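This is what each chain is made of:
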Amino acid sequence: MSLMPLPEQPPGGDASSPADGRLSPGSPDSPPPDAVMLLGPTASGKSAIALRLAERFELEIISVDSALVYRGMDIGTAKPSVPELAAVPHHLIDLIDPRESYSAASFVRDARRLIDEIRGRGRLPLLVGGTMLYARALSTGLDDLPGADPTLRAALDEEAAQLGWPAMHARLAAIDPQTAARLEPGDSQRIQRALEIHALSGQPMSELIGAQRAHTDAPLALLTIALEPADRAVLHARIAARFEAMLAAGFLNEVAALRARGDLHTGLPSMRCVGYRQAWRYLDDLEHGIDQGTGQTASHGTQLGKLGPARRRAFIDESVAATRQLAKRQLTWLRSMPHRRVIDCLAPDAPDQVAAIIAHAGTQPRQVGR
């Protein structure tokens, strides 16, 4: 299949930096990038566009998604289907069990290795996802921050259970206002990490990161394309519709199976994923007979979703709201990337625009049919 005619200037605006004069990957006078990153908020259509690109380019997809690494978490993570995985080589999906952890450092190590291997096969490495911490770590380097301390994390979790995460957020604001300002009061995982770093190092996380980045060069030449909605209300409608589709596909049964294992809990990173955390709490309420709407008591064998319409509605609303907050954070991260090329993810020709940017960048892999 041939590509559409290329425009005089590729979509998404000028690729060079207007402030410092440096060329970003994909500008006419820069060398071809090492890889392409296709980033965007949840429900922006990243996976669908990536599959369309695979019809035009010889490529392999590297997932940039901290939830897709977990086996057995398929519906709630919108994991590509078996036919989709078979149609195009995918990487960094179904790597570990939900009781295990996968870090940004692990991602950078694995992604760099895969980029080299894919390029060695004469194909384009296409990194696709919305975990912006992973994307930033790959593009600007890792921060040398203190490692996790399970004992300290348990203590912080215990305090949060008594005081609530908004109170923990207020504590963070007193010691690291810069980090607190970019976190929502309910963002438990990141608030905990910032408090942990301060307790272990004696310094605010924002100061440590700033000092280290001053001496860090970008490890790879990456062409970053951002899928951002021109109308956020349309993205919100997509989020709501997708969550309803997940429920119809058996999402609650998926979470029920994870709970039934007996070795998972809501303190694990896997079970903190948006949607899973809310579903786990909802199933807990059903199991213990807590129905905020009717006061009914759940009995053994109650069909999922049938007890308490008001409680079910609250669960759906909470999940959709949490997903919208995730999308908001993802868009905030994207706007901090000055060299990204922006495409309206709602545009009917978004796949063609992305393809034109990639072709214009002079990537080495052959175009299919050319």
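Residues numbered from 1 in each chain as written. Predicted model: local features only at pLDDT ≥ 70, side-chain atom pairs only at ≥ 80, totals over all residues. Heavy atoms only, no water.

Trainee: What is the right way to read the overall build of the chain from this model?
Mentor: If you tally the helices and strands in the chain, you get 14 helices and six strands. Within the span of the chain, comprising 370 residues, buried residues form 47% of the whole. Counting contacts in the chain only where the partners sit at least 6 residues apart, residues at least 24 apart contribute 76% of the total. A total accessible area of about 17,300 Å² is found for the chain, and carbon and sulfur atoms account for 52% of it. (Helix = DSSP H or I, 4+ residues; strand = E, 2+ residues; numbered from the N terminus. Buried < 20%, exposed > 50% of the residue type's maximum accessible area, 1.4 Å probe, protein only. Contact = heavy atoms within 4.5 Å. Areas by Shrake-Rupley, 256 points an atom, 1.4 Å probe, with all protein chains shown as cover.)

Trainee: Just checking my understanding: could you explain the nonpolar core for this structure?
Mentor: Phe107, Leu127, Leu138, Phe243, Phe251 and Phe315 are the most contacted members of the largest nonpolar core, which has 56 residues in total. In this structure, phenylalanine 251 is in contact with Ile75, Gly76, Phe243, Met246, Gly275, Tyr276 and Ala279, ignoring residues within four places of it in sequence. (Core = buried A, V, L, I, M, F, W, Y, C linked by side-chain atoms within 4.5 Å.)

Trainee: How should I be thinking about the environment of alanine 111 in this particular structure?
Mentor: Structurally, alanine 111 can be placed in helix H3 (residues 104-120). Sequence spacing of alanine 111 and leucine 127 is 16 residues, and the spatial spacing of their C-alpha atoms is 8.5 Å. For alanine 111, the residues in contact, after removing those within four places along its chain, are Ile62, Leu127 and Leu138.

Trainee: When you look at the sheet that holds strand E3 (residues 90-91) in this model, what are you seeing that I'm missing?
Mentor: Across a sheet, strands are paired by hydrogen bonds formed along the backbone, either parallel or antiparallel in direction. With parallel pairing, six strands are arranged side by side in an open sheet as E3-E2-E4-E1-E5-E6. Each having just a single partner strand, E3 and strand E6 (341-344) make up the two edges of the open sheet. (Pairing = 2+ DSSP bridges.)

Trainee: What am I meant to see in the environment of alanine 105 here?
Mentor: Along the chain, alanine 105 turns up in helix H3. Note: C-alpha distance between alanine 105 and leucine 138 (33 residues apart in sequence) is 8.9 Å.

Trainee: Would you take a moment to explain the pairing of E6 for this structure?
Mentor: In summary, the side chains of a regular strand alternate between the two faces of the sheet. By the alternation rule, side chains of E6 split into Arg341 and Ile343, which are all buried, and Val342 and Asp344, of which none is buried. As paired strands, strand E5 (residues 222-228) and E6 are joined by four bridges and run parallel to one another. Bridge assignment links glutamate 228 to a residue of E6, and that residue is aspartate 344.

Trainee: Please explain the packing of aromatic side chains as it appears in this structure.
Mentor: Given two aromatic rings, their pairing is described by the distance between the two centres and the angle made by the two planes. Throughout the structure, instances matching the rule amount to six aromatic pairs. For the pair phenylalanine 243 and phenylalanine 315, a centre-to-centre distance of 5.7 Å together with 65° between the ring planes defines the contact as edge-to-face. Here phenylalanine 243, found in helix H10 (residues 232-248), pairs with phenylalanine 315, found in helix H13 (residues 309-335); they are 72 residues apart in sequence, far enough to count as distant. The class of phenylalanine 243 is buried, set by a relative accessible area of 6%. On the basis of relative accessibility, which here comes to 0%, the residue phenylalanine 315 falls in the buried class. Measuring from centroid to centroid gives 5.0 Å for phenylalanine 251 and tyrosine 276, while their planes differ by 90°, and the two rings are edge-to-face. (Phe/Tyr/Trp six-rings, centres within 6.5 Å; stacked < 30°, edge-to-face > 60°.)

Trainee: Sorry if this is basic, but what is going on with unusual backbone geometry here?
Mentor: Backbone phi values are negative for most residues with the exception of glycine, while trans is the configuration of most peptide bonds. Phi at alanine 43 is positive, roughly 70°, even though this residue is not glycine. For alanine 43, the position within the fold is in the loop between strand E1 (35-39) and helix H1 (46-54). The phi dihedral of aspartate 94 is positive, around 60°, even though this residue is not glycine. Within the secondary structure, aspartate 94 is located in the loop between E3 and H3. We classify aspartate 94 as partly exposed; its relative accessible area is 31%.

Trainee: I'm lost on the confidence of the model for the chain in this one. Help?
Mentor: With 81% of its residues at a pLDDT of 70 or more, the chain has an overall mean of 85. Taken together, the stretch residues 292-305 has pLDDT below 50 and engages in 25 contacts with residues farther than four places along the chain or on a different chain. With pLDDT under 50 throughout, residues 365-370 is counted as low confidence; its partners more than four residues away or in other chains account for 20 contacts. (pLDDT = per-residue confidence, 0-100.)

Trainee: Mind showing me how you'd approach the environment of aspartate 317 here?
Mentor: Its location among the elements puts aspartate 317 in helix H13. Sequence-wise, aspartate 317 and phenylalanine 243 are 74 residues apart; in three dimensions their C-alpha atoms are separated by 9.9 Å.

Trainee: Looking at this model, I keep getting lost on the packing of helix H4 (residues 132-140) against H13. Mind explaining?
Mentor: Helix-helix packing is described using two parameters, namely the angle between the two axes and the distance between the axes. Their axes nearest at 10 Å, the elements H4 and H13 cross at an angle of 20°. Taken together, H4 and H13 sit at an angle that is classed as roughly parallel. Here H4 runs over H13; the crossing is left-handed. Contacts from Met132, Leu133 and Arg136 of H4 reach H13 at Gln330, Trp333 and Leu334. For the contact of H4 with H13, the class distribution of residues is four nonpolar, one polar and one charged. (Axes fitted to C-alpha atoms, helices over the stretch in contact; angles between N-to-C directions. Parallel < 35°, antiparallel > 145°, perpendicular 65-115°, else oblique. Left-handed = near helix turned anticlockwise from the far one by under 90°. Nonpolar A, V, L, I, M, F, W, Y, C, P; charged D, E, K, R; others polar.)

Trainee: Can you help me understand the pairing of strand E2 (residues 59-64) in this one?
Mentor: Of all six residues in E2, six are buried; the element is thus mostly enclosed. Judged by which residues are buried, E2 turns out to be covered on both faces: Leu59, Ile61 and Ser63 on one side and Glu60, Ile62 and Val64 on the other are all buried. Across six bridges, the pairing between E2 and strand E4 (residues 124-129) is parallel. For isoleucine 62, the partnering residue across the bridge sits in E4 and is leucine 127. Where E2 meets E3, two bridges bridge the pair, whose relative direction is parallel. In the sheet register, isoleucine 61 faces E3, and the bridge partner there is histidine 90.

Trainee: Would you mind going over the pattern of salt bridges with me for this structure?
Mentor: Between side chains of opposite charge, pairing is possible as soon as their charged atoms come close. Enumeration over the complete set of coordinates arrives at 25 salt bridges. In this structure, a network of salt bridges that share partners links the residues Asp97, Arg99, Arg261 and Asp263. (Salt bridge = Lys/Arg side-chain N within 4 Å of Asp/Glu carboxyl O.)

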